[in-house]
Every structure is written in C-alpha cells, then in structure tokens.
Protein chains: 2
Amino acid sequence: MARPKPISGFPEFLPAGRIAEQYVLDILRETFELHGYAPIETRAVETMEQLTRKGEITKEVYVVRRLHADDAASEKSDDLGLHFDLTVPFARYVLENAGHLAFPFRRYQIQHVWRGERPQEGRYREFCQADIDIVGQDTLAEHFDVEAPIVMLAALERMHAELGLPQALMHVNNRKLAEGFYRGLGIEDTLEVLQRVDKFDKIGGDAVVELLTGELGLAEDVARKCVALAGICTPDDGFVDQVRALGVEHPMLEEGLESLRAVVLAANRRVPGRIVADLKIARGLDYYTGTVYETELVGHEKLGSISSGGRYDSLASDGKITFPGVGISLGVTRLLGPLITKGQLTANRSVPSAVLVAVDDEATRQVAEEVAAALRERRIPCEVAPRADKFGKQIKHADRRGIPFVWFGGMSGQVKDIRSGDQVDADASSWEPPREDLRPGVSFQG
Amino acid sequence: MARPKPISGFPEFLPAGRIAEQYVLDILRETFELHGYAPIETRAVETMEQLTRKGEITKEVYVVRRLHADDAASEKSDDLGLHFDLTVPFARYVLENAGHLAFPFRRYQIQHVWRGERPQEGRYREFCQADIDIVGQDTLAEHFDVEAPIVMLAALERMHAELGLPQALMHVNNRKLAEGFYRGLGIEDTLEVLQRVDKFDKIGGDAVVELLTGELGLAEDVARKCVALAGICTPDDGFVDQVRALGVEHPMLEEGLESLRAVVLAANRRVPGRIVADLKIARGLDYYTGTVYETELVGHEKLGSISSGGRYDSLASDGKITFPGVGISLGVTRLLGPLITKGQLTANRSVPSAVLVAVDDEATRQVAEEVAAALRERRIPCEVAPRADKFGKQIKHADRRGIPFVWFGGMSGQVKDIRSGDQVDADASSWEPPREDLRPGVSFQG
C-alpha cells in the first residue's frame, strides 16, 4: 500500500501532540467536575429530523448510511446524520431522559462533532468541542448566567497559568439589552438590525450605518444610535451610564442592563480582568434569548471566538414542559489544532514513560520487568528496553522519545538522568523521579 | 417536540452510568500509560478504499456523505466511511507517519467505532473500544507477545479489584501451532480446517469431526487428531506434552509450541492464574499469524470474548518496509453497556460534587460561592445550591444526587454528612472529606 495522505479537514496529531491535547482535555474535565458538572456522552448520530430543525445548518450535515442498506426507500425515514454540535444532542438527551435527571442539571460533554464544510484553511470537518450547560425545568435562575462563564474562564486561566497559552478575554452582552434599545427607538424588526450590527467588527461603524439606512430604511440618527450602542465596551458596569447617555428607554432595555451588570460585576469579583461588557456581541444566527458570550485570546484576536455561548429560554420543550438553559462551548480543536500542528504546543516526550529500564541480556529480561513492575506499583510510568543492545544504544532509545531516566541493574540498581548525565544508586521499591518528570510536560511556545 | 426515543444500537447512559464508564476508561488509560503506551486518536473516517480492503466486513460499513454533495459522481472517489475498528486506522496512521514515529512504537487508542449491523440484542452500532498495539519496523521481538496480554490483564485485574467486576481469564493460542500440526498431518488447506475447528465451542467435537470428514474429506483419524488438539487447554505449559502425545511432527508446530510456552510461562509469573493455553482459539477470520488472544469473564462465559487480539506479521506495509504488530482490543461498550443499562454497574452519585454548599439567602449567595471556591482550590468538587430554599429542601437536593456533604454558613461554618446526620464545625480553607468520598464511588453488583 502506498503511503496514505491526510484527509483535508480531519486533523490527526503525532503522539506528543495528542499528549498535549489530552493535557488540555484533562484541565477541562477537572475544572468542570470541580464545579459539579456531570459527564455525559451522546451518540455520534442524530436523526436527520433533529439535525435539520434549524434551517441554516442543513447543508453542513454529514449523512450516515449503511453501505448495503437493503432498501433505500424504507430506510429514508430513519436517515441518520453526524451531530454538528453538542447542543442539539444535549437538548434531545434532556427531553428523552427528563424523568431521570435532577434539575437544575449541570453537564459537561467533550466530544467530536462533524461538519461537511468545504475544506479550507482553518476549517475542520471533524473537531472536538467541550460544552458546559446548566438546564432547568420551567425556570433557571439568572445566577447561572454568571456561573457558566466563570467555569469556562477558570479552565482557560489554568491553560494560561500551566501551559503558557495566551490569556482569555470574554466579551459578554445581553440580547435583551440591544433588543430593548432598538424597540425603544421604535424599531420593530430587531433581528434584522442585530444581524447587521453583528458586522461591526468586520466592516466598521460607518458601513453598518449605511446598511441600516440603506437596506432597512432607518433614519440616520436612529442608525447612529444603534452603532453607538454597539461601540460600548467596558471592563466593569460603566456601560450602564454610557447606554443611558444615549437617551433611549424601554423596559426590556432595563432588564438587559440589570442582567448584564450582574454578570459583569460577579464575574469580575471571581476572575478579575477576564470579562468585559461588549455591546456589539450578537451571536447573529443563534437562538439565544439573554446573555451571550464570546471569548478571544489576547494578542490572537484574529483567531476569532474560541469559546461562545449564551442563554436559551427554551433549550428544549416537549410542548408541556420547557427547559431553559445557559451554556458555553469551547472549540478545543479550533484552539489547539493550529498550535499543535505547528509544533507550538507540544509535550516534552512522545511517550508517557518517565523511565526506560535497560536490559542487560535477553536471558535476564525478567529482572528488568520486575524493576518496571515495582515502579508501576508506585504509579511511575515506565517501559523496558526492546533489546539488550549496548547501553549507549538503549540510552539513545530513551533520548529519542524524551524519556528522562534510564534504569540499570536490578531492584537495587542505578538510575541515570540522561539530561544531566547524573547517575546514582537507587532502589526500585522506593526511588521516585522529581514530581515534574512523572508525566510529560506540556507547554506553549508562541 | 415529542419525547425522542433511543435509536437501537446506539447506547447512551445517564450521568451515573457515564461516571461508571469513565472510571473504567480512567483505569484503562492509567494502566496503558504506566506501561509506556502513547495515546493517539485517529479521525472517525477512513476512505472507503481503506475500509473495504478486507472483503468480509464491507457490508457493515457506514458510509458518510455531505447532505448536499455538489456532484455525486465527482465525490464518489473520495467516499468516506466511519471506521469499524481501530486496527485499520492504526495501520494507516503508522504508514502515514512512519517517518515521525520511533519504533518499536507502543500506542493505545480509546475511541468509538461504528458498524452498520442489523440491530439485535447485544449488538451495538456505535461502541467504544480500547486498543493497545506494539508495532515494529521490519521485526518485532516475541517478548511483546507476552507484554500485550499482561498489560490488558493488569487493567482487567484492577477492574476486578476496585469495582468488583468478574475476574478475567485469557485464552492464548498460536496460529503456527495449529497450522504446523495440520501440515504435519499432511493437510494443505489449513485455513479451511481452522475455520471449522473454530466452531468447537458452539457445536462440540463430534460435529466438528463430521464437518472435517464430510465437507473437507479428511480421514476420520486425521479429523479426530485435529479435534483432539483443539481440546487441549492447560493453565501452564502442560499442553506441550499433551500435543507431543498426539504424535504429529512439523517444524512450524515446534515453533508454535515454543512461542506459546514462552507466553504462558511469562504471563503466569506476572499475573498468576489469569491465562491459559487453549488450543482451540483460532480467531477465525482475522489475519493473525502467531499468538492469538481471547478473554472471558469467569462466570459470564456466555458474554463471549470481551478482549481479543493477536500478532500480525504485517500489520502494515508500504511495499518496501513491513510493520509487524501485536495487540489486544477491549470491547468497552460490549463489556460495560449491558451492566450499566441494567444498573449493575453504577456510581453512588450522579454528579462529581462531594459537597453542596447551602445558600442562606440570595443576597449572600456570594458567601457560598467563596466557600465553594476555597474547596475547589484544594480540588474538592462542589456545587452551590441553586436556591436559598429551606435547609431541608437544600439537603434533599444533595440527597437526590447522592452528594454526601452539605456545607452551612461561611468560610468558618459547619458541614453535615447527610448519610449519618453528623454535623461538625469546619473551616473551608482546611476541611477535607474522607478520601473515599472525594470522587463518586463506582461498583458492580452482579
């Protein structure tokens, strides 16, 4: 077989890259669990009916069919597709299992999703997402709008502190704020305005004014106020006065201001300097109804939002009971994929082993195996050399994989730190590597 | 939306079930890493060309296509399918990345696979597998045939010791042994014989003799010797003498006997009583060329083999370089799915939280948040009560989720073990739950 080539949009990593990715996934999992989020995993497929309930995404779905489906017609109604996010499956899971879940229900979900996008730079067709959501039955208190971003920021802050990844800055807004503001200006089709204001970052304020006056026929002063609102961005609750200064009034606007103020103040108490009120954030096509979140990496804004979400008044509903939710999704592959592929984020070894146990002679391989078993007993990852080569060659085997220590002799033997060359007597039933060498180290070199 | 129904063959678990599954996945991962196996993950899809190289499996493949593929004809050649095991993707990964891997290369891979089977009892269409393989370049020493089963048995032994799952018993054979034996009897088409002898367990020895004499035209005494060989099963190297007593000779038989003896003796030294030489094990349709493994749970033999594998002389080849491999796969969902679904394997709580921090009053929610932050600082999973209800109701909230402790008051507060009712003064900056309560406990009740 000829050497296979990668498939565009389906990223894969070498072992050191996967170790780096797992390190990040472990941070996410641990952070979510420390905050009481329960793990769930949903199947990779949903019915096409579920997947196509939102019109816009239809074209990106991967349909899944058995190669030898007996009868094309009879299977059509059961057609399955790969999920393109973790929100649609979660909403379905909540409805399906509502009787067995305790609400409010916090869950995290770290899984791959698939989108049949045209392959292009930076677009993935298979990628990993990490989602947290809190879902209530009938009602869901506003303090969960504060909790969700704090949990995700706590995970991002650990990535910054432990791996050296850039700092995150979360931009928060509230849909009610803009909608109430537009209504206060007498605008009826607020979604049309929102979708144009959403282009603020790409085309600038003047161009948005042109769209609003040209395409929607708004008066210029009204359009300018919409753009002025979108231009407000404060690290604290200063946005409230700036909005009031625009002289627009509406009960929904007040509701949005209060809600956003609570989120920004509480989040700043818990993770100072990592959240701003940014009134241009709209999350255009998504069905959020309250708080919305986007997250940039400081200094890497052109990556776009790496973590987004918001509140749905109705994440799911069976017609009788409504399940409101608030959640945030982190694009794990979107964030890490380019860094791992370029080698900027990697592990300092390609295997978990902290120790290579050298083999003197094939006849005494068992001695090396006993040393390895003793180390593993105390949770020290290790491997036994594949061949009783000359020691120099065995050390090279360790070096090539980044394994820091080589063990010589039996249970009472010697251990060499091959980085420094130091070699000391050691007993396999008590010796331990320095804590930082126990697991592969992972770091970002920007 | 009406309440959705499960899709047959695509299992999903409630949170307590998923916690149990993750506990097992953590045991697997830790065991594999302690033995130096590097993590890799391959994309979910392979080209149809890769997937259909082995004829028999073709009908089980799920084909994946974009819903709105622009031109059916032009995309045909790029058709993708979901992988149905982790061996085909791993072989492709090795060829694709050979220049960047260090051989012998140990890897583990824990991922979902998909098979478009007709849905029926105990058949999954999406399920999780955990594979370990060691692959060499050109050659791969025989001691890896000993290592692979020991690693998998170490993981299974931890599941037995920590969770109370039934003990595993691995059955080992060597393809060369049977093939050499058949050749020694003058049989040429040894695969035909092997495939019939593989039915030994299902139909019994006499019926196999009938197949061999009837369908293949073997002489009765020859057929009886083939069946006699298949009947040999010893917990040590006693099988060698039993085979010799059948009076058949062939160099390949000798090779097989020696190799199997080495595996059984070494494995019994490391994990006594967990491995037997069982000369009827054939792994019928798979392309193994040496050692083969199957694993039963003692007392649950009718589950079939939960963990199987073997040696390939050519796991992959690019025409110039050949990559021999040996590996074992554990059917995680096959093993756990029925136990979790029936509630036999479950966690003692449905959330990671060890502590629920009660809220006195919505106005002082921040105090509870500070307590929770202090506990999390010391890696104690906790959650804050969703509402400042009466304490009885907040305790009920904890009880319903299996959370063992409820915290009252601020940093200097009180903590109640709601199982015993004991309530003591505690400081959030130093209090710790008993070690066994830190994470959800998982156990099997058979």
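Because the structure is predicted, anything quoted here is derived from the model rather than measured.

**Thoughts on the overall build of chain A**
- When its secondary structure is counted, chain A shows 16 helices and 19 strands.
- Reported as C-alpha extents along the three principal axes, the dimensions of chain A are approximately 90 × 60 × 45 Å.
- Counting only residues that meet the buried cut, chain A has 58% of its 446 residues in that class.
- A separation of at least 24 residues holds for 67% of the contacts in chain A among residues at least 6 apart in sequence.
- Element-wise, carbon and sulfur atoms account for 49% of the exposed surface of chain A, whose accessible area totals about 18,300 Å².
- Between the centroid of the 54 positive side chains of chain A and the centroid of its 69 negative side chains there is a distance of 5 Å.

**Some details on the relation of the copies chain B and chain A**
- Its rotation angle being 180°, the transformation that places chain B on chain A also includes 0.0 Å of axial translation and leaves an RMSD of 0.0 Å. Classification of the inter-copy transformation places it as that of a two-fold axis. Relative to the rotation axis, the C-alpha of V64(B) is the closest in chain B, positioned 2.3 Å from it.
- Both copies share a contact surface, since 100% of the interface residues of chain B are interface residues in chain A too.

**Some words on the packing of aromatic side chains**
- Considering all chains together, one arrives at 17 aromatic pairs over all chains under this definition.
- Both rings, one in F90(B) and one in F105(B), keep their centres 6.1 Å apart while their planes meet at 35°; by these two values the pair is tilted. Placement of F90(B) in helix α4 (residues 87-97) and of F105(B) in strand β5 (residues 105-114) is noted, with a sequence separation of 15 residues between them. A single burial state applies to F90(B) and to F105(B), both of which are buried.
- Ring pairs connect the aromatic residues F405(A), W407(A) and W431(A), which therefore count as one cluster.
- We note R107(A) situated over the ring of F90(A); from NZ or CZ to the ring centre the distance is 3.9 Å.
- One cation-aromatic arrangement involves R419(B) over F405(B); the distance from NZ or CZ to the ring centre is 5.4 Å.

**Looking at the sheet that holds strand β5 (residues 105-114) of chain A**
All names here are of chain A.
- Overall, mixed pairing links the nine strands, which are arranged β1-β5-β6-β12-β11-β10-β7-β9-β8 in an open sheet. Unpaired on one side and paired on the other, β1 (38-39) and β8 (233-234) mark the two borders of the sheet.
- Here three bridges tie strand β7 (residues 168-174) to strand β9 (residues 275-278), and the two strands are oriented parallel to one another. Following the sheet pairing, M170 is matched in β9 by I275.
- Relative to strand β12 (residues 322-331), helix α5 (residues 143-163) is tilted by about 15°, and along the sheet it contacts β5, β6 (126-135), β7, β9, β10 (291-297), β11 (307-317) and β12.
- Where helix α12 (residues 251-270) meets the sheet, it contacts β7, β9 and β10, and its direction lies at approximately 160° from that of β7.

**Observations regarding the pairing of strand β3 (residues 62-66) of chain B**
Residue and element names in this part refer to chain B.
- Where burial is concerned, most of β3 is hidden: four out of the five residues are buried.
- Here two bridges tie β3 to strand β4 (residues 80-82), and the two strands are oriented antiparallel to one another. Within β4, the position partnered with V63 by the bridge is G81.

**Quick notes on the packing of helix α6 (residues 175-184) of chain A against helix α10 (residues 220-230) of chain A**
All names here are of chain A.
- The N-to-C vectors of α6 and α10 enclose an angle of 160°; their axes lie 11 Å apart at closest approach. It follows that α6 is roughly antiparallel to α10 by the angle criterion. Remark: the crossing between α6 and α10 carries right-handed chirality. Along its contact with α6, which presents L177, A178, F181 and Y182, the element α10 presents K225, C226 and L229.
- Taken together, the residues of the contact of α6 with α10 break down into six nonpolar, no polar and one charged.

**A short note on the sheet that holds strand β16 (residues 405-409) of chain B**
All names here are of chain B.
- Here we have five strands laid out as an open sheet, ordered β15-β14-β16-β17-β18, and mixed in their pairing. One side of each edge strand has no neighbouring strand; the edge strands of this open sheet are β15 (382-384) and β18 (423-427). Across this sheet, the average inter-strand angle for adjacent strands is 30°, counted without regard to direction.
- Across three bridges, the pairing between strand β14 (residues 355-357) and β16 is parallel. Residue pairing across strands places V355 opposite F405, the latter belonging to β16.
- The strands that helix α15 (residues 391-401) touches are β14, β15, β16 and β17 (412-417); relative to β16, the one it contacts most, it runs at about 155°.

Calculation notes
- Each chain carries its own residue numbering, running from 1 in the written order of its sequence.
- Chain A is the first chain written and ligand 1 is the first ligand written, with later ones labelled in order.
- The predicted origin of the model limits local features to residues at a pLDDT of at least 70 and limits the giving and counting of side-chain atom pairs to 80 or more, whereas totals for whole chains, interfaces and linings rest on all residues.
- Values shown for side chains rest on all heavy atoms present in the structure; no hydrogens or waters enter the calculation.
- Only DSSP runs of H or I reaching four residues or more are called helices, and only runs of E reaching two or more are called strands; each is numbered from the N terminus.
- Using a 1.4 Å probe on the protein chains alone, a residue whose accessible area is under 20% of its type maximum counts as buried, one over 50% counts as exposed, and one in between counts as partly exposed.
- Contact between two residues is taken to exist if any of their heavy atoms lie within 4.5 Å; hydrogens are not considered.
- Throughout, the Shrake-Rupley method with a 1.4 Å probe supplies accessible areas, and for residues the shown protein chains are the sole cover considered.
- Neither His nor the chain ends is counted toward charge; the positive residues are Lys and Arg and the negative residues Asp and Glu.
- The location of each charge is read from NZ of Lys, CZ of Arg, CG of Asp or CD of Glu.
- In this comparison the copies share one frame, found by least squares on the C-alpha atoms of residues holding pLDDT of at least 70 in both.
- Under the pairing criterion, centres of Phe, Tyr and Trp rings, with the six-membered ring standing for Trp, must be within 6.5 Å; the plane angle then separates stacked pairs below 30 degrees from edge-to-face pairs above 60, leaving the rest tilted.
- Here, over-ring charges are defined by two tests on the NZ atom of lysine or the CZ atom of arginine: distance to the ring centre within 6 Å, and angle to the ring normal within 35 degrees.
- Should DSSP find at least two bridges between two strands, the strands are regarded as paired.
- Only the stretch in contact is used when a helix axis is fitted, and all axes are lines through C-alpha atoms; the angle between N-to-C directions ranges over 0 to 180 degrees.
- Any angle that falls under 35 degrees is termed roughly parallel, while one over 145 is termed roughly antiparallel, one within 65 to 115 roughly perpendicular, and all others oblique.
- Crossing handedness is read from the near helix: turned anticlockwise from the far helix by less than a right angle, it gives a left-handed crossing, and turned clockwise, a right-handed one.
- Following the grouping adopted for this structure description, the nonpolar residues are Ala, Val, Leu, Ile, Met, Phe, Trp, Tyr, Cys and Pro, the charged ones are Asp, Glu, Lys and Arg, and the polar ones are all others, Gly among them.

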